[in-house]
Amino acid sequence: MIVKTLLTASLFFTVVSCAAQSTSTNYTSIKTGILTLVNKHRAGMGLKPLKMNEAIEKAAEQHSRNMATQKIPFGHDGFDERMKNISQQLGGATGWAENVALGAETAERAVDMWLHSPGHKKNIEGKYSFTGIGIVKGADGQLYYTQIFVEKGN
């Protein structure tokens, strides 16, 4: 009986672990897709491509997590504090912006939503060099997206 219980528990944890890895890989693919599509759009505008930055990505991920867990409402709550923290980590920043989205199932849909919104499109086309993207699935089953744009100071 103990062996059967341990085998069942082992199988359960393996399934959970595989599901978590699959979800993580899927979000990585969506993030890569967003970066590719945003940079393709920027190239068409004669703008330099954005580079991913780990500190910015962590801030974007945390913001998406806070929205997904309803710690804060969907939107830009805490924006100034996020940008202050990012600027300190990067050793200064001269400009920043943030796009959020809710419910898009693909990178294409998220970027399309942003490009059809004048304010979000302006951020995508802004004078920025670095970005970070965070995606978290909420208990409501929706994906919460944050993309942060930063121009690093000298």
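A quick note: this is a predicted structure, and the numbers were derived from the prediction, not measured.

*Asks:* Tell me what's going on with the overall build of the protein, and back it up with residues and numbers.
*Replies:* For the protein, the count of helices and strands is 5 helices and 4 strands. For the protein, the N- to C-terminal ordering of α and β elements is α-β-α-α-β-α-α-β-β. In the protein, which comprises 154 residues, the proportion classed as buried is 41%. Approximately 8,900 Å² of the protein is accessible, and the part contributed by carbon and sulfur atoms is 59%.

*Asks:* Help me get a handle on the pairing of strand β3 (residues 130-137), residues and values and all.
*Replies:* Burial of β3 is extensive: 6 of the 8 residues sit out of reach of the surface. Note: strand β1 (residues 51-52) against β3, 2 bridges, orientation parallel. In the sheet register, lysine 51 faces β3, and the bridge partner there is phenylalanine 130. In terms of strand pairing, β3 meets strand β4 (residues 143-152) through 8 bridges, oriented antiparallel. Its bridge partner being in β4, phenylalanine 130 is matched across the sheet by valine 150. Between the end of β3 and the start of β4, which pair antiparallel, lie 5 residues, with glycine 141 showing a positive phi angle near 85°.

*Asks:* Now, about the packing of aromatic side chains: what can you tell me, with residues and values included?
*Replies:* Evaluated as defined, the whole model comprises 2 aromatic pairs. Each ring, one from tyrosine 128 and one from phenylalanine 149, has its centre 5.8 Å from the other, and the planes form 35°; the classification is tilted. One end of the pair, tyrosine 128, is in the loop between α5 (118-124) and β3; the other, phenylalanine 149, is in strand β4, and 21 residues separate them in sequence. One exposure class covers both tyrosine 128 and phenylalanine 149, and it is buried.

*Asks:* Give a description of helix α4 (residues 107-115) that names residues and reports values.
*Replies:* An α-helix turns once every 3.6 residues. As a result, residues three or four positions apart point the same way. Within α4 the residues assigned to the buried category are Ala107, Ala110, Val111 and Trp114. For α4, the angular spread of buried residues about the axis comes to 90°, placing them on one side.

Cut-off values and rules
- Residues numbered from 1 in each chain as written.
- Predicted model: local features only at pLDDT ≥ 70, side-chain atom pairs only at ≥ 80, totals over all residues.
- Heavy atoms only, no water.
- Helix = DSSP H or I, 4+ residues; strand = E, 2+ residues; numbered from the N terminus.
- Buried < 20%, exposed > 50% of the residue type's maximum accessible area, 1.4 Å probe, protein only.
- Areas by Shrake-Rupley, 256 points an atom, 1.4 Å probe, with all protein chains shown as cover.
- Pairing = 2+ DSSP bridges.
- Phe/Tyr/Trp six-rings, centres within 6.5 Å; stacked < 30°, edge-to-face > 60°.
- Arc of directions from axis to C-beta.

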